[in-house]
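Summary of the model geometry
Letter by letter, the chains look like this.
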Amino acid sequence: MKTIFKTLLATVILGFSSISVAADTYVLDPGHTFVLWHINHFGFSNPTGKWMANGTLILDEKDPKNSKVDVLIPLANLTTGIPKLDTHLNSKDFFDVTTYPSAKFVSNKVEVTGQTAKVYGTLTLHGVSKPVVLDVTLNKIGISPITNKKTAGFSAKTQVKRSDFGINKYLPGLGDDVTIEIEAEGATG
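Read on for an overview of the structure. The structure presented is a predicted model; accordingly, all values stated were derived computationally and were not measured. Chains are numbered independently. Their residues run from 1 in the order of the written sequence. In keeping with the model being predicted, local features are shown solely for residues with a pLDDT of at least 70 and side-chain atom pairs are shown and tallied solely at 80 or more, while totals for entire chains, interfaces and linings include all residues. Excluding hydrogens and water, the side-chain figures rest on all heavy atoms present in the structure.

1. Quick notes on the overall build of the protein
A count of helical and extended segments in the protein gives two helices and ten strands. In this description a helix means any DSSP run of H or I spanning at least four residues, a strand means any run of E spanning at least two, and both kinds are numbered starting from the N terminus. Reading the protein from its N terminus to its C terminus gives the helix and strand order α-β-β-β-β-β-α-β-β-β-β-β. Three exposure classes are used, based on accessible area relative to the maximum for each residue type with a 1.4 Å probe and protein chains only: buried under 20%, partly exposed in between, and exposed over 50%. The buried share of the protein, reckoned over its 189 residues, is 33%. Considering only contacts in the protein between residues 6 or more positions apart, those separated by 24 or more positions represent 52%. Where accessible areas are quoted, they stem from the Shrake-Rupley method and a 1.4 Å probe; at the residue level, only the protein chains shown are allowed to cover. Accessible area for the protein stands at about 11200 Å²; split by element, carbon and sulfur atoms hold 63% of it. Whether two residues are in contact is decided by their heavy atoms, any of which lying within 4.5 Å being enough.

2. Some thoughts on unusual backbone geometry
With an omega dihedral of 0°, the bond running from Leu171 to Pro172 counts as a cis peptide bond. With respect to the element layout, Pro172 can be found in the loop between β9 (150-161) and β10 (174-188). In this structure, Tyr170 takes a positive phi of about 65° despite not being glycine. Relative to the helices and strands, Tyr170 is located in the loop between β9 and β10.

3. Points about the packing of aromatic side chains
Only Phe, Tyr and Trp rings are paired, with Trp represented by its six-membered ring, and only when their centres lie within 6.5 Å; those with planes under 30 degrees apart are stacked, over 60 edge-to-face, the remainder tilted. Under the counting rule described, the total for this entry stands at three aromatic pairs. Aromatic pair Trp37 and Trp51: ring centres 6.4 Å apart, planes at 50°, arrangement tilted. Placement of Trp37 in strand β2 (residues 34-41) and of Trp51 in strand β3 (residues 48-52) is noted, with a sequence separation of 14 residues between them. Note on Trp37: relative accessible area 8%, which makes it buried.

Structure below.
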């Protein structure tokens, strides 16, 4: 009886471990993965900034709810196209990159909603961690003609309040709502 139980237990354990094998791990390409943000500037315009990002994606194509993403955003590489503005945004008035050199997003739940998904996770920015939901579209999974590696590409959107992360300079004139667009591309192996 003990032998049957041990065999059954081993089968169950191996069965569960084979489920995780179905997922592929993708390394996000920092040359094709970025976070773009837009904020209202005293009602006059909606300036944009961009960070390149890196991280990993565990993608379970058969059961997407088992997928996970872990992204690091080096904040000092911010670019708005205006060097003086980049310097100001990196200062203590805004991102304070000396104290908080990076932001991080780690998912904790994926919910497929037809052709798109909601990816729930925690964004840590400016020393504050808050829940964020990304609306994600899978663009394509296939072999890249450049790298010959299995590659996955995604687009995502969300909105956050900068005051939730302790970034309050020039409120309310400089908008509190920040629209975020993400493009991500990663490859296996």
